[in-house]
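# Inside the fold
Residues per chain are reported as follows:
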Amino acid sequence: MNAAPADQIRLLDVQTFDVRLQQLAHKRRSLPEHAEIESLNKDLTQLRDLLVAAQTEESDCAREQTKAEQDVDQVRQRAHRDQQRLDSGAVTSPKDLENLQHEITSLAKRQGDLEDVVLEVMERRESAQERVAELTERTSSVQSKIDDATGRRDAAFESLDGEIASVTKEREVVAASVPADLLKLYDKLRQQQGGVGAARLYQRRCEGCRLELNITEVNDVKAASPDTVLRCENCRRILVRTSESGL
């Protein structure tokens, strides 16, 4: 393949743009905010699970408290009715009076036991409510951190994307001036060679693979026409000659 020396030099400019685009893409993928947001989201997921568990516990306690209070109220009402019957004098049989008094005593004990249950449930509910409040605050704090990190990431994206667009446009302008067959070969090699398809020959060293040409290779380069598109014998990248090639 042949191409004017000036076209080959412009290919190095295209390569410079492509390297810069690779760097910008890598920087975009490697922003510290990515890891920060991922870590915070894991924390947030865990906190939300704990919050749901605490809210469920508080809800269960609320139902249990309502049931216990209803039980207390039922016992209290029954004891009140029994006491009214006792006070009214309607019960005259000694045996019935004894049974009624015994029931009133039993109901009083039952009421006391149930009230203890209410107090125990209320304590557990209060503890669950405190846990809900704590987890809600922690969840809100982590969400704020995520929002902050997301804002910083998006700002970095905007800056990087702007630079990427600018470099891409410059690359397109220069690439348009490179012969199509040379650019096609370059793009193919760039995909095969880790993003570098063309390298400068500097002081008899290929800047693609960083290896110095041996004497035979140097002589072959010297003998080649300026229009000849050379390839590095080691890495097979396009080898571009310049005034600093050391030939």
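Refer to the structure above for everything that follows.
Residues numbered from 1 in each chain as written. Predicted model: local features only at pLDDT ≥ 70, side-chain atom pairs only at ≥ 80, totals over all residues. Heavy atoms only, no water.

### Quick word on the pairing of strand E1 (residues 198–202)
Each regular strand carries side chains that alternate between the two faces of the sheet. Strand direction decides the pairing type here: E1 and strand E4 (residues 238–241), joined by four bridges, are parallel. Note that in E4 the partner of Ala199 across the bridge is Leu239. Sheet analysis places E1 next to strand E2 (residues 205–206), joined by two bridges and oriented antiparallel. For Leu201, the partnering residue across the bridge sits in E2 and is Cys206. Connecting E1 to the antiparallel partner E2 that follows it, the hairpin turn spans two residues, and Gln203 within it adopts a positive phi of roughly 50°. (Pairing = 2+ DSSP bridges. Helix = DSSP H or I, 4+ residues; strand = E, 2+ residues; numbered from the N terminus.)

### With respect to the nonpolar core
Where a protein is soluble and globular, its nonpolar side chains tend to be buried together. Counting residues in hydrophobic clusters, the biggest one holds 24 residues, and the most contacted among them are Leu11, Val14, Val178, Leu182, Leu183, Tyr186 and Ile238. The next biggest cluster of nonpolar side chains, apart from the first, holds eleven residues, and it includes Leu201, Val221, Ala224 and Cys235. (Core = buried A, V, L, I, M, F, W, Y, C linked by side-chain atoms within 4.5 Å. Buried < 20%, exposed > 50% of the residue type's maximum accessible area, 1.4 Å probe, protein only.)

### Considerations on the side chain of Gln65
For Gln65, the location among the structural elements is in helix H2 (residues 32–88). At 3.2 Å, the side chain of Gln65 forms a polar contact with the side chain of Arg125. Discounting residues that sit within four places of it in the chain, Gln65 has contacts with Val121, Met122 and Arg125. (Polar contact = N/O pair within 3.5 Å; in protein donor to acceptor, adjacent residues only side chain to side chain. Contact = heavy atoms within 4.5 Å.)

### With respect to the side chain of Asp82
When you line up the elements, Asp82 lands in helix H2. No salt bridge forms around the buried Asp82; measuring N to O, its nearest opposite-charge neighbour Arg85 is 4.5 Å away. Setting aside anything within four residues of it in sequence, one finds Asp82 in contact with Leu100, Glu103, Ile104 and Leu107. (Lys, Arg positive; Asp, Glu negative; His and termini not counted. Salt bridge = Lys/Arg side-chain N within 4 Å of Asp/Glu carboxyl O.)

### Some remarks on H2
Taking 1.5 Å as the rise per residue, H2 with 57 residues should run 84 Å; its terminal C-alpha atoms sit 83 Å apart, in good agreement. Gly89 sits one or two residues past H2 and shows a positive phi near 80°. (Expected span 1.5 Å × (residues − 1).)

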